[in-house]
Amino acid sequence: MAAMTELYVSYPNTTLHSQSQLHFSYSSTTHFSKHRRISIRTLPPTRNKLVSCSIAPNQIESPPTVLTDDSKKKPECYGVFCLTYDLKAEDETKSWKKLINIAVSGAAGMISNHLLFKLASGEVFGPDQPIALKLLGSERSLQALEGVAMELEDSLFPLLREVSIGIDPYDIFQDVEWALLIGAKPRGPGLERADLLDINGQIFAEQGKALNAVASRNVKVMVVGNPCNTNTLICMKNAPNIPAKNFHALTRLDENRAKCQLALKAGVFYDKVSNMTIWGNHSTTQVPDFLNARILGVPVKEIIKDTKWLEEEFTEKVQKRGGVLIQKWGRSSAASTAVSIVDAIKSLITPTPEGDWFSSGVYTNGNPYGISEGLVFSMPCQSKGDGDYEFVKNVIFDDYLRQRIAKTEAELMAEKRCVAHLTGEGIAVCDLPGDTMLPGEM
Ligand code: LMR
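Summary of the structure given here. None of the values given here were measured: they were computed from a predicted structure.

The rules behind these values
- Residues numbered from 1 in each chain as written.
- Predicted model: local features only at pLDDT ≥ 70, side-chain atom pairs only at ≥ 80, totals over all residues.
- Heavy atoms only, no water.
- Near = heavy atom within 4 Å.
- Polar contact = N/O pair within 3.5 Å; in protein donor to acceptor, adjacent residues only side chain to side chain.
- Areas by Shrake-Rupley, 256 points an atom, 1.4 Å probe, with all protein chains shown as cover.
- Nonpolar A, V, L, I, M, F, W, Y, C, P; charged D, E, K, R; others polar.
- Salt bridge = Lys/Arg side-chain N within 4 Å of Asp/Glu carboxyl O.
- Pairing = 2+ DSSP bridges.
- Helix = DSSP H or I, 4+ residues; strand = E, 2+ residues; numbered from the N terminus.
- Core = buried A, V, L, I, M, F, W, Y, C linked by side-chain atoms within 4.5 Å.
- Buried < 20%, exposed > 50% of the residue type's maximum accessible area, 1.4 Å probe, protein only.
- Contact = heavy atoms within 4.5 Å.
- Disulfide = S-S within 2.5 Å.

Here we look at the site of the ligand
Close to the ligand lie eight residues; Asn-226, Arg-257, His-282, Ser-332 and Ser-333 are nearest. Within the side chain of Asn-226, an N or O atom sits 2.8 Å from an oxygen atom of the ligand. In the environment of the ligand, an oxygen atom lies 2.8 Å from a nitrogen or oxygen atom belonging to the side chain of Ser-333. Burial of the ligand by the surrounding chains reaches 85%, relative to a free accessible area of 270 Å². Here the shell around the ligand is composed, by residue class, of two nonpolar, five polar and one charged.

Shown next as C-alpha coordinates:
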(Lines give C-alpha, C1' and ligand atoms only; values in the text may rest on other atoms or scores of the structure.)
Protein backbone atom coordinates (compact mmCIF):
# COMPACT_ATOMS: atom_id res chain seq x y z
CA MET A 1 0.00 0.00 0.00
CA ALA A 2 1.45 3.33 -0.99
CA ALA A 3 2.30 5.61 1.86
CA MET A 4 1.19 9.22 1.86
CA THR A 5 3.96 11.34 0.53
CA GLU A 6 4.11 15.06 0.31
CA LEU A 7 5.38 16.07 -3.05
CA TYR A 8 6.83 19.50 -3.68
CA VAL A 9 7.44 19.87 -7.36
CA SER A 10 8.91 22.40 -9.66
CA TYR A 11 8.75 22.28 -13.42
CA PRO A 12 10.51 24.32 -16.03
CA ASN A 13 7.33 25.53 -17.64
CA THR A 14 5.11 26.14 -14.72
CA THR A 15 4.84 27.39 -11.20
CA LEU A 16 3.55 24.45 -9.31
CA HIS A 17 5.42 25.16 -6.10
CA SER A 18 2.79 27.28 -4.47
CA GLN A 19 -0.30 26.93 -6.54
CA SER A 20 -1.10 23.39 -7.37
CA GLN A 21 -4.01 21.10 -7.37
CA LEU A 22 -3.55 17.41 -7.12
CA HIS A 23 -5.50 15.07 -9.31
CA PHE A 24 -5.59 11.43 -8.45
CA SER A 25 -6.15 9.99 -11.86
CA TYR A 26 -5.86 6.34 -12.50
CA SER A 27 -7.01 3.33 -14.39
CA SER A 28 -8.18 0.33 -12.50
CA THR A 29 -5.29 -2.07 -12.22
CA THR A 30 -7.49 -5.11 -12.39
CA HIS A 31 -9.38 -4.61 -15.56
CA PHE A 32 -7.88 -2.02 -17.74
CA SER A 33 -4.46 -0.65 -17.38
CA LYS A 34 -1.56 -1.56 -15.19
CA HIS A 35 -0.63 2.01 -14.57
CA ARG A 36 -1.92 4.78 -12.46
CA ARG A 37 -1.02 8.34 -13.06
CA ILE A 38 -1.26 11.59 -11.32
CA SER A 39 -1.97 14.77 -13.12
CA ILE A 40 -1.18 18.09 -11.57
CA ARG A 41 -2.43 21.33 -12.89
CA THR A 42 -1.70 24.86 -11.95
CA LEU A 43 -4.14 27.10 -10.20
CA PRO A 44 -4.37 30.84 -10.06
CA PRO A 45 -2.48 32.45 -7.15
CA THR A 46 -3.63 32.24 -3.51
CA ARG A 47 -4.56 28.60 -3.74
CA ASN A 48 -3.09 25.55 -1.97
CA LYS A 49 0.53 25.56 -1.14
CA LEU A 50 0.89 21.83 -0.81
CA VAL A 51 0.73 19.09 -3.33
CA SER A 52 0.27 15.71 -1.76
CA CYS A 53 0.18 12.41 -3.45
CA SER A 54 -0.33 8.87 -2.37
CA ILE A 55 2.39 7.74 -4.77
CA ALA A 56 5.99 8.72 -4.10
CA PRO A 57 7.66 10.38 -7.09
CA ASN A 58 10.10 7.53 -7.58
CA GLN A 59 7.21 5.05 -7.64
CA ILE A 60 5.59 6.58 -10.68
CA GLU A 61 6.18 4.42 -13.69
CA SER A 62 6.11 5.90 -17.08
CA PRO A 63 2.81 4.73 -18.48
CA PRO A 64 2.08 3.74 -22.07
CA THR A 65 -0.33 6.59 -22.26
CA VAL A 66 -2.08 8.02 -25.22
CA LEU A 67 -2.63 11.69 -25.53
CA THR A 68 -6.34 11.93 -26.16
CA ASP A 69 -8.02 14.74 -28.03
CA ASP A 70 -9.62 15.80 -24.77
CA SER A 71 -6.39 16.08 -22.87
CA LYS A 72 -4.75 18.03 -25.67
CA LYS A 73 -7.44 20.63 -25.30
CA LYS A 74 -6.90 21.14 -21.59
CA PRO A 75 -5.20 24.51 -21.36
CA GLU A 76 -4.04 23.96 -17.79
CA CYS A 77 -2.15 20.76 -18.53
CA TYR A 78 1.58 20.58 -18.78
CA GLY A 79 3.67 17.92 -20.43
CA VAL A 80 3.49 14.46 -19.01
CA PHE A 81 0.68 15.33 -16.64
CA CYS A 82 -1.62 15.88 -19.56
CA LEU A 83 -1.12 12.33 -20.67
CA THR A 84 -4.04 10.22 -19.75
CA TYR A 85 -5.80 6.96 -20.53
CA ASP A 86 -7.79 6.51 -23.65
CA LEU A 87 -11.02 4.68 -23.00
CA LYS A 88 -11.38 3.95 -26.69
CA ALA A 89 -8.10 2.05 -26.75
CA GLU A 90 -9.30 -0.89 -24.70
CA ASP A 91 -11.94 -3.44 -25.57
CA GLU A 92 -13.63 -3.38 -22.19
CA THR A 93 -14.07 0.36 -22.19
CA LYS A 94 -14.59 1.10 -25.86
CA SER A 95 -18.35 1.15 -25.64
CA TRP A 96 -18.42 3.36 -22.57
CA LYS A 97 -19.99 6.78 -22.63
CA LYS A 98 -17.97 9.96 -22.46
CA LEU A 99 -16.57 10.71 -19.01
CA ILE A 100 -18.67 13.04 -16.89
CA ASN A 101 -17.40 15.43 -14.26
CA ILE A 102 -19.15 15.40 -10.92
CA ALA A 103 -18.34 17.89 -8.18
CA VAL A 104 -19.16 17.13 -4.58
CA SER A 105 -18.78 19.76 -1.88
CA GLY A 106 -18.45 18.85 1.77
CA ALA A 107 -16.62 15.88 0.34
CA ALA A 108 -14.93 14.93 3.58
CA GLY A 109 -18.22 14.79 5.47
CA MET A 110 -20.43 11.90 6.47
CA ILE A 111 -23.00 12.22 3.69
CA SER A 112 -20.29 12.30 1.06
CA ASN A 113 -18.60 9.33 2.60
CA HIS A 114 -21.64 7.30 1.69
CA LEU A 115 -22.39 9.05 -1.56
CA LEU A 116 -18.97 9.02 -3.22
CA PHE A 117 -18.68 5.27 -3.15
CA LYS A 118 -22.13 4.88 -4.67
CA LEU A 119 -21.20 7.30 -7.44
CA ALA A 120 -17.90 5.57 -8.08
CA SER A 121 -19.45 2.09 -8.15
CA GLY A 122 -21.65 2.88 -11.13
CA GLU A 123 -24.82 2.50 -9.08
CA VAL A 124 -25.97 6.00 -9.95
CA PHE A 125 -25.00 6.79 -13.53
CA GLY A 126 -24.78 3.24 -14.83
CA PRO A 127 -22.19 0.57 -15.60
CA ASP A 128 -20.98 2.19 -18.83
CA GLN A 129 -20.58 5.71 -17.51
CA PRO A 130 -17.05 6.60 -16.45
CA ILE A 131 -16.84 9.49 -14.01
CA ALA A 132 -14.44 12.07 -12.68
CA LEU A 133 -15.00 13.09 -9.08
CA LYS A 134 -14.04 16.59 -8.10
CA LEU A 135 -14.03 16.91 -4.37
CA LEU A 136 -14.42 20.27 -2.72
CA GLY A 137 -13.46 20.70 0.90
CA SER A 138 -12.33 23.43 3.21
CA GLU A 139 -8.83 24.30 4.32
CA ARG A 140 -9.60 22.51 7.56
CA SER A 141 -10.71 19.34 5.81
CA LEU A 142 -7.95 19.08 3.23
CA GLN A 143 -6.16 16.26 5.04
CA ALA A 144 -9.41 14.38 5.39
CA LEU A 145 -10.10 14.93 1.71
CA GLU A 146 -6.84 13.25 0.89
CA GLY A 147 -7.96 10.35 3.05
CA VAL A 148 -11.19 10.15 1.06
CA ALA A 149 -9.26 10.19 -2.21
CA MET A 150 -6.97 7.46 -0.91
CA GLU A 151 -9.94 5.29 -0.01
CA LEU A 152 -11.37 5.86 -3.47
CA GLU A 153 -8.06 4.79 -4.98
CA ASP A 154 -7.97 1.69 -2.83
CA SER A 155 -11.46 0.70 -3.93
CA LEU A 156 -10.35 0.07 -7.54
CA PHE A 157 -13.62 1.20 -9.06
CA PRO A 158 -13.27 0.64 -12.81
CA LEU A 159 -15.58 3.52 -13.68
CA LEU A 160 -13.80 6.05 -11.52
CA ARG A 161 -11.29 7.61 -13.85
CA GLU A 162 -10.24 10.76 -12.09
CA VAL A 163 -10.36 12.19 -8.62
CA SER A 164 -9.28 15.68 -7.82
CA ILE A 165 -9.39 17.44 -4.50
CA GLY A 166 -9.26 21.09 -3.62
CA ILE A 167 -10.67 23.98 -1.68
CA ASP A 168 -11.33 26.43 -4.47
CA PRO A 169 -14.72 26.11 -6.15
CA TYR A 170 -13.42 27.95 -9.23
CA ASP A 171 -11.04 25.08 -9.79
CA ILE A 172 -13.17 22.18 -8.65
CA PHE A 173 -16.26 23.23 -10.62
CA GLN A 174 -14.40 23.49 -13.91
CA ASP A 175 -16.55 21.82 -16.60
CA VAL A 176 -18.67 19.90 -14.09
CA GLU A 177 -21.93 18.44 -15.35
CA TRP A 178 -23.23 17.73 -11.86
CA ALA A 179 -22.61 19.72 -8.71
CA LEU A 180 -23.76 18.05 -5.53
CA LEU A 181 -23.49 20.75 -2.91
CA ILE A 182 -23.46 19.08 0.47
CA GLY A 183 -21.03 21.18 2.46
CA ALA A 184 -22.60 23.72 4.81
CA LYS A 185 -22.26 24.74 8.39
CA PRO A 186 -24.68 22.75 10.53
CA ARG A 187 -26.70 24.70 13.03
CA GLY A 188 -25.09 24.28 16.39
CA PRO A 189 -26.50 25.33 19.74
CA GLY A 190 -26.97 29.07 20.09
CA LEU A 191 -26.77 29.82 16.40
CA GLU A 192 -29.73 31.86 15.21
CA ARG A 193 -31.48 30.80 12.06
CA ALA A 194 -30.89 34.18 10.48
CA ASP A 195 -27.16 33.81 11.19
CA LEU A 196 -27.13 30.38 9.65
CA LEU A 197 -28.89 31.70 6.57
CA ASP A 198 -26.24 34.34 6.26
CA ILE A 199 -23.22 32.09 6.92
CA ASN A 200 -24.34 29.32 4.63
CA GLY A 201 -25.81 31.76 2.16
CA GLN A 202 -22.37 33.25 1.63
CA ILE A 203 -20.95 29.83 0.86
CA PHE A 204 -23.66 29.21 -1.71
CA ALA A 205 -23.33 32.67 -3.22
CA GLU A 206 -19.66 32.03 -3.82
CA GLN A 207 -20.32 28.58 -5.20
CA GLY A 208 -23.02 29.96 -7.50
CA LYS A 209 -20.55 32.50 -8.87
CA ALA A 210 -17.97 29.78 -9.38
CA LEU A 211 -20.45 27.54 -11.18
CA ASN A 212 -21.48 30.45 -13.33
CA ALA A 213 -17.87 31.09 -14.25
CA VAL A 214 -16.51 27.63 -14.92
CA ALA A 215 -19.10 24.82 -14.88
CA SER A 216 -20.73 23.23 -17.91
CA ARG A 217 -23.54 25.50 -19.14
CA ASN A 218 -25.97 22.68 -18.52
CA VAL A 219 -24.70 21.68 -15.08
CA LYS A 220 -27.32 20.18 -12.80
CA VAL A 221 -26.97 21.49 -9.29
CA MET A 222 -28.32 19.68 -6.28
CA VAL A 223 -28.15 21.53 -2.99
CA VAL A 224 -28.17 19.44 0.17
CA GLY A 225 -26.59 21.80 2.70
CA ASN A 226 -29.24 23.43 4.87
CA PRO A 227 -31.31 25.55 4.73
CA CYS A 228 -31.29 23.91 1.32
CA ASN A 229 -34.19 25.68 -0.41
CA THR A 230 -32.86 29.15 0.28
CA ASN A 231 -29.27 28.08 -0.32
CA THR A 232 -30.40 26.85 -3.72
CA LEU A 233 -32.06 30.17 -4.45
CA ILE A 234 -28.89 32.03 -3.50
CA CYS A 235 -26.73 29.72 -5.59
CA MET A 236 -29.05 30.07 -8.57
CA LYS A 237 -29.25 33.86 -8.36
CA ASN A 238 -25.47 34.02 -8.36
CA ALA A 239 -25.29 31.88 -11.49
CA PRO A 240 -27.36 33.82 -14.01
CA ASN A 241 -25.82 32.06 -17.00
CA ILE A 242 -27.03 28.66 -15.88
CA PRO A 243 -30.71 27.86 -16.44
CA ALA A 244 -32.70 28.32 -13.21
CA LYS A 245 -34.36 25.00 -13.97
CA ASN A 246 -31.08 23.21 -13.38
CA PHE A 247 -31.09 23.92 -9.65
CA HIS A 248 -32.59 21.53 -7.12
CA ALA A 249 -32.93 21.56 -3.35
CA LEU A 250 -32.94 18.04 -1.98
CA THR A 251 -36.35 17.12 -0.57
CA ARG A 252 -36.18 13.54 -1.74
CA LEU A 253 -35.25 12.36 1.74
CA ASP A 254 -38.52 13.84 2.99
CA GLU A 255 -40.40 12.05 0.23
CA ASN A 256 -38.76 8.77 1.16
CA ARG A 257 -39.57 9.32 4.83
CA ALA A 258 -43.20 10.05 4.01
CA LYS A 259 -43.51 6.92 1.87
CA CYS A 260 -42.12 4.83 4.67
CA GLN A 261 -44.57 6.18 7.24
CA LEU A 262 -47.59 5.67 4.97
CA ALA A 263 -46.48 2.14 4.16
CA LEU A 264 -46.09 1.39 7.83
CA LYS A 265 -49.57 2.60 8.64
CA ALA A 266 -51.16 0.78 5.69
CA GLY A 267 -49.28 -2.44 6.40
CA VAL A 268 -47.70 -2.63 2.96
CA PHE A 269 -44.11 -2.54 1.84
CA TYR A 270 -42.93 0.95 0.95
CA ASP A 271 -42.56 0.22 -2.75
CA LYS A 272 -46.37 0.26 -2.91
CA VAL A 273 -46.52 3.98 -2.12
CA SER A 274 -46.36 6.34 -5.10
CA ASN A 275 -47.19 9.91 -6.17
CA MET A 276 -45.71 11.32 -2.99
CA THR A 277 -45.23 15.06 -3.04
CA ILE A 278 -43.39 17.09 -0.46
CA TRP A 279 -44.47 20.70 -0.82
CA GLY A 280 -42.34 23.63 0.21
CA ASN A 281 -39.38 24.00 2.47
CA HIS A 282 -37.05 21.30 3.78
CA SER A 283 -37.96 22.35 7.31
CA THR A 284 -40.66 21.55 9.79
CA THR A 285 -43.20 23.48 7.70
CA GLN A 286 -42.85 21.07 4.78
CA VAL A 287 -46.10 19.45 3.64
CA PRO A 288 -46.15 15.73 2.91
CA ASP A 289 -49.15 15.49 0.58
CA PHE A 290 -51.39 12.56 1.50
CA LEU A 291 -54.21 13.89 -0.69
CA ASN A 292 -52.47 13.06 -3.95
CA ALA A 293 -50.30 10.17 -2.76
CA ARG A 294 -51.32 6.62 -3.61
CA ILE A 295 -50.94 3.22 -2.04
CA LEU A 296 -51.21 0.28 -4.43
CA GLY A 297 -52.41 2.79 -7.00
CA VAL A 298 -55.35 3.91 -4.84
CA PRO A 299 -55.61 7.34 -3.13
CA VAL A 300 -54.13 7.13 0.36
CA LYS A 301 -57.34 8.43 1.96
CA GLU A 302 -59.23 5.41 0.62
CA ILE A 303 -56.81 3.10 2.41
CA ILE A 304 -55.94 5.10 5.52
CA LYS A 305 -59.30 6.44 6.69
CA ASP A 306 -57.91 8.05 9.84
CA THR A 307 -57.71 11.66 8.61
CA LYS A 308 -56.68 12.93 12.04
CA TRP A 309 -53.64 10.64 11.92
CA LEU A 310 -52.77 11.85 8.43
CA GLU A 311 -53.16 15.52 9.27
CA GLU A 312 -51.41 15.43 12.60
CA GLU A 313 -49.26 12.43 13.45
CA PHE A 314 -48.10 11.52 9.96
CA THR A 315 -47.45 15.08 8.90
CA GLU A 316 -45.52 15.94 12.05
CA LYS A 317 -43.52 12.74 11.97
CA VAL A 318 -42.25 13.49 8.48
CA GLN A 319 -41.63 17.15 9.26
CA LYS A 320 -39.62 16.35 12.39
CA ARG A 321 -37.93 13.13 11.31
CA GLY A 322 -34.60 14.85 10.68
CA GLY A 323 -34.65 16.44 14.12
CA VAL A 324 -35.50 13.19 15.88
CA LEU A 325 -32.67 11.50 14.04
CA ILE A 326 -30.25 14.18 15.18
CA GLN A 327 -31.34 13.56 18.76
CA LYS A 328 -30.69 9.82 18.39
CA TRP A 329 -27.41 10.01 16.46
CA GLY A 330 -26.05 13.27 17.79
CA ARG A 331 -25.60 14.27 14.15
CA SER A 332 -27.67 14.61 11.00
CA SER A 333 -28.79 11.74 8.88
CA ALA A 334 -26.00 10.75 6.51
CA ALA A 335 -26.58 7.36 4.87
CA SER A 336 -30.26 7.96 4.12
CA THR A 337 -29.44 11.42 2.82
CA ALA A 338 -26.86 9.93 0.47
CA VAL A 339 -29.40 7.35 -0.69
CA SER A 340 -31.92 10.09 -1.35
CA ILE A 341 -29.37 12.08 -3.38
CA VAL A 342 -28.90 8.97 -5.51
CA ASP A 343 -32.69 8.66 -5.86
CA ALA A 344 -32.97 12.32 -6.82
CA ILE A 345 -30.28 12.04 -9.50
CA LYS A 346 -31.77 8.84 -10.87
CA SER A 347 -35.16 10.51 -11.08
CA LEU A 348 -33.67 13.05 -13.45
CA ILE A 349 -31.69 10.65 -15.62
CA THR A 350 -34.30 7.90 -15.99
CA PRO A 351 -37.85 8.38 -17.25
CA THR A 352 -40.39 8.70 -14.45
CA PRO A 353 -42.60 5.59 -14.30
CA GLU A 354 -45.91 6.21 -16.07
CA GLY A 355 -48.36 8.07 -13.82
CA ASP A 356 -45.90 8.56 -10.97
CA TRP A 357 -43.80 11.57 -9.97
CA PHE A 358 -41.10 12.67 -7.56
CA SER A 359 -40.48 15.70 -5.36
CA SER A 360 -37.74 18.21 -5.80
CA GLY A 361 -37.15 21.73 -4.56
CA VAL A 362 -37.19 23.72 -7.79
CA TYR A 363 -37.71 27.28 -8.97
CA THR A 364 -41.35 28.29 -8.77
CA ASN A 365 -41.42 30.45 -11.89
CA GLY A 366 -44.02 29.07 -14.26
CA ASN A 367 -45.47 26.62 -11.74
CA PRO A 368 -49.12 25.69 -12.31
CA TYR A 369 -50.02 25.50 -8.59
CA GLY A 370 -50.36 29.19 -7.78
CA ILE A 371 -47.25 29.25 -5.62
CA SER A 372 -45.46 32.61 -5.50
CA GLU A 373 -42.78 33.02 -8.11
CA GLY A 374 -39.15 33.57 -7.19
CA LEU A 375 -38.85 30.80 -4.61
CA VAL A 376 -37.23 27.38 -4.51
CA PHE A 377 -40.10 25.19 -3.44
CA SER A 378 -40.52 21.44 -3.35
CA MET A 379 -43.13 20.38 -5.90
CA PRO A 380 -44.12 17.31 -7.90
CA CYS A 381 -42.00 16.74 -11.01
CA GLN A 382 -41.73 14.24 -13.83
CA SER A 383 -38.75 13.63 -16.07
CA LYS A 384 -38.16 12.07 -19.47
CA GLY A 385 -34.79 10.97 -18.15
CA ASP A 386 -32.86 13.70 -19.93
CA GLY A 387 -31.83 15.54 -16.77
CA ASP A 388 -34.71 17.97 -17.11
CA TYR A 389 -38.17 17.89 -15.49
CA GLU A 390 -41.72 19.16 -15.94
CA PHE A 391 -44.31 20.05 -13.33
CA VAL A 392 -47.05 17.51 -12.81
CA LYS A 393 -50.40 18.77 -14.03
CA ASN A 394 -53.07 16.58 -12.48
CA VAL A 395 -52.70 17.27 -8.77
CA ILE A 396 -55.63 18.23 -6.59
CA PHE A 397 -55.90 20.55 -3.61
CA ASP A 398 -58.24 20.89 -0.66
CA ASP A 399 -58.41 23.56 2.03
CA TYR A 400 -56.09 21.70 4.39
CA LEU A 401 -53.42 21.30 1.72
CA ARG A 402 -53.73 24.92 0.57
CA GLN A 403 -53.42 26.19 4.15
CA ARG A 404 -50.35 24.09 4.85
CA ILE A 405 -48.74 25.11 1.58
CA ALA A 406 -49.37 28.77 2.43
CA LYS A 407 -47.49 28.35 5.71
CA THR A 408 -44.38 26.82 4.18
CA GLU A 409 -44.58 29.41 1.37
CA ALA A 410 -44.63 32.23 3.94
CA GLU A 411 -41.57 30.76 5.61
CA LEU A 412 -39.67 30.61 2.34
CA MET A 413 -40.66 34.16 1.46
CA ALA A 414 -39.33 35.32 4.83
CA GLU A 415 -36.10 33.38 4.29
CA LYS A 416 -35.80 35.03 0.90
CA ARG A 417 -36.17 38.52 2.39
CA CYS A 418 -33.51 37.56 4.93
CA VAL A 419 -30.95 36.82 2.22
CA ALA A 420 -31.78 39.67 -0.16
CA HIS A 421 -28.18 40.89 0.22
CA LEU A 422 -26.99 37.59 -1.24
CA THR A 423 -29.41 37.35 -4.13
CA GLY A 424 -28.92 40.86 -5.46
CA GLU A 425 -32.38 41.95 -4.34
CA GLY A 426 -31.44 44.77 -2.02
CA ILE A 427 -31.20 45.05 1.74
CA ALA A 428 -31.98 41.99 3.82
CA VAL A 429 -34.86 42.15 6.28
CA CYS A 430 -35.07 39.20 8.64
CA ASP A 431 -38.56 38.63 9.99
CA LEU A 432 -38.50 34.87 10.14
CA PRO A 433 -41.71 33.33 11.45
CA GLY A 434 -41.16 31.11 14.50
CA ASP A 435 -38.25 28.75 14.87
CA THR A 436 -38.99 26.14 12.30
CA MET A 437 -35.53 24.83 11.64
CA LEU A 438 -34.39 21.43 12.77
CA PRO A 439 -32.51 21.45 16.05
CA GLY A 440 -29.03 21.09 14.61
CA GLU A 441 -26.12 18.98 15.67
CA MET A 442 -24.71 19.18 19.15
C1 LMR B 1 -32.46 15.88 7.73
O2 LMR B 1 -33.54 16.13 7.22
O3 LMR B 1 -32.19 14.80 8.24
C4 LMR B 1 -31.42 16.97 7.80
O5 LMR B 1 -31.64 17.90 6.81
C6 LMR B 1 -31.44 17.58 9.15
C7 LMR B 1 -30.39 18.62 9.36
O8 LMR B 1 -30.74 19.72 9.82
O9 LMR B 1 -29.23 18.38 9.08
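Further notes follow.
Description of the pattern of salt bridges
On inspection of all chains with the given rule, the structure shows 14 salt bridges. Note that Lys-416 and Glu-425 form a salt bridge whose closest N and O atoms lie 3.7 Å from each other. Where salt bridges share partners, they join Lys-237, Lys-416 and Glu-425 into one cluster.

With respect to the sheet that holds strand S11 (residues 273-274)
Spatially, three strands are ordered S11-S14-S15 in an open sheet, and the strand pairing comes out antiparallel. At either margin of the open sheet sits one strand with a lone partner, and together these are S11 and strand S15 (298-299). Of the pairings in the sheet, the one linking strand S14 (residues 294-295) to S15 comprises two bridges and is antiparallel in character. Its bridge partner lying in S15, Ile-295 is registered against Val-298.

Thoughts on the nonpolar core
Ranked by size, the top nonpolar core spans 56 residues in total, and within it Ile-102, Leu-119, Leu-133, Leu-135, Leu-152 and Trp-279 carry the most contacts. If we skip the residues at most four places from it in the chain, Ile-102 touches Leu-119, Phe-125, Ile-131, Ala-132, Leu-133, Lys-134, Val-176, Trp-178 and Leu-180. Grouped together as the second largest cluster of nonpolar side chains are 31 residues, Phe-173, Leu-197, Phe-204 and Phe-247 included.

Considerations on the environment of Leu-142
The residue Leu-142 is located in helix H3 (residues 142-154) in this model. Separated by 35 residues in the primary sequence, Leu-142 and Ala-107 have C-alpha atoms spaced 9.7 Å apart.

Here we look at the state of the cysteines
Two cysteines, two sulfur atoms, one covalent bond between them: this is a disulfide. Counted under the stated rule, the structure contains one disulfide. The residue that forms a disulfide with Cys-418 is Cys-430, at a sulfur-sulfur distance of 1.6 Å. Between Cys-418 and Cys-430, the S-S torsion sits near 50°, and that sign places the bridge as right-handed. Placement of Cys-418 in helix H11 (residues 399-418) and of Cys-430 in the segment after helix H12 (420-423) is noted, with a sequence separation of 12 residues between them. Classification of Cys-418 as buried rests on a relative accessible area of 3%.

The values reported here are purely geometric and, on their own, carry no functional implication.
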